[in-house]
Amino acid sequence: MLVAEHLQLLYHSEVRWLSRGNILIRFYELKEEIAAYLSETNSLYAELFDSKIWLAHVAYLVDVFEHLNTLNLSLQEKGHNKFEQSDKVNAFKKKIALWENRMSKDRLDMFPNAHHEILQLDTVADKNALKSSITAHLGKLQSRFHNYFPETSSEDEQWVRDPFGIDLDNVALPCNEENQLIELSCDQTLKKKFGGVSLSHFWCSSVTAEYSSLASQAIKILLPKQRNRLDTEHDLRVALSTIVPDFESLIRSKKHPQFSHELF
């Protein structure tokens, strides 16, 4: 008898969508032990583990959340700027489209756990039902990403990414910054430095002395909006308190309200 690698399940301790994938992975790895426990305790949920198509759906969720976790972690890496994060999101959108195309060709190698479980299904009808369900979910995921990360035209910001190769006719800047960009685009000394340092380092250190106004504009565009968790502590305190808050005063006191950016 094989001994499970893990001895316990993971639980949510905070509201983090990143942890969902980790919980699913652990759940799937311990599915036999969980099924045995539920059966021993006469739980109504025990019969779910007898359903091969249900397990196949769970396996698919494990796979897709693992892809989402990888994307989320890459977006949280330090030093990333707006353009690099946008590139990663756009790449993920293309991956979803590719997965949909592969599903139409009966290819599931991008979802290894689901691929393993679908081979255990007994009938062609069950296999087709699972493939149809996965395809539908991928379509919804694609739509959600397009809604959450809409395609935006940022041609007027591309000068930040490459001030030496940009077409100045496509740049909309105030006169002073525009003149500085022209001077910078002809600065061969800084052009040599440009390829050897990160974009943030270039605008924060190499350029600021001589082109300070232009550099300030670039830094405002580059500054990432870092947020990797949803903290509900204060909301819960308000909800559970018997004291009625003065909401109007609280709202007036907030100069920079923050909005939720949860994907799911």
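All of these numbers come straight from a predicted model, not from anything done at the bench.

**Quick look at the overall build of the protein**
Thinking step 1. From N to C terminus, the protein includes 13 helices and 0 strands.
Thinking step 2. Along the protein, helices and strands appear, N-terminal first, in the series α-α-α-α-α-α-α-α-α-α-α-α-α.
Thinking step 3. Every one of the 264 residues in the protein was classed for burial, and the buried ones make up 30%.
Thinking step 4. Partitioning the contacts of the protein with sequence separation of at least 6, the portion at a separation of at least 24 is 65%.
Thinking step 5. As presented, the protein carries roughly 17700 Å² of accessible surface, and 54% of it is formed by carbon and sulfur atoms.

**Concerning the confidence of the model for the protein**
Thinking step 1. Mean pLDDT for the protein: 80, with 75% of residues reaching 70 or above.
Thinking step 2. Within the protein, the lowest mean pLDDT, 46, falls on helix 12 (residues 233–240), and the highest, 95, falls on helix 5 (residues 112–118).
Thinking step 3. Across residues 235–241 the pLDDT falls below 50, and counting only partners more than four positions away or on other chains, this stretch makes 2 contacts in the model.
Thinking step 4. Here residues 256–264 is a poorly scored stretch, pLDDT under 50, and it has 19 contacts once near neighbours within four places are set aside; other chains count.

**With respect to the nonpolar core**
Thinking step 1. Grouped together as the largest cluster of nonpolar side chains are 27 residues, with contacts concentrated most on F111, I134, L138 and F145.
Thinking step 2. Secondary-structure elements contributing two or more residues to this core are helix 1 (18–29), helix 3 (52–75), helix 4 (82–104), helix 5 and helix 6 (124–148).
Thinking step 3. Element by element, the count of residues in this core is highest for helix 3, at 9 residues.
Thinking step 4. Not counting the four nearest positions on each side in its chain, L138 is found in contact with Y60, I96, W99, E100, M103 and F111.
Thinking step 5. Of all hydrophobic cores here, the second largest spans 21 residues; its members include F83, I166, L199 and Y211.

**Observations regarding the packing of helix 4 against helix 6**
Thinking step 1. Axis separation between helix 4 and helix 6 bottoms out at 10 Å; the angle between their running directions is 160 degrees. The angle between helix 4 and helix 6 falls in the class roughly antiparallel. For helix 4 against helix 6, the interelement crossing comes out left-handed. Between helix 4 and helix 6, the contacting residues are V89, F92, K93, I96, A97, W99, E100 and M103 on the first element and K131, I134, T135, L138, G139, L141, Q142, F145 and H146 on the second.
Thinking step 2. A breakdown of the residues in the contact of helix 4 with helix 6 according to their chemical character gives 10 nonpolar, 4 polar and 3 charged.

Reading guide: rules and limits
Residues numbered from 1 in each chain as written. Predicted model: local features only at pLDDT ≥ 70, side-chain atom pairs only at ≥ 80, totals over all residues. Heavy atoms only, no water. Helix = DSSP H or I, 4+ residues; strand = E, 2+ residues; numbered from the N terminus. Buried < 20%, exposed > 50% of the residue type's maximum accessible area, 1.4 Å probe, protein only. Contact = heavy atoms within 4.5 Å. Areas by Shrake-Rupley, 256 points an atom, 1.4 Å probe, with all protein chains shown as cover. pLDDT = per-residue confidence, 0-100. Core = buried A, V, L, I, M, F, W, Y, C linked by side-chain atoms within 4.5 Å. Axes fitted to C-alpha atoms, helices over the stretch in contact; angles between N-to-C directions. Parallel < 35°, antiparallel > 145°, perpendicular 65-115°, else oblique. Left-handed = near helix turned anticlockwise from the far one by under 90°. Nonpolar A, V, L, I, M, F, W, Y, C, P; charged D, E, K, R; others polar.

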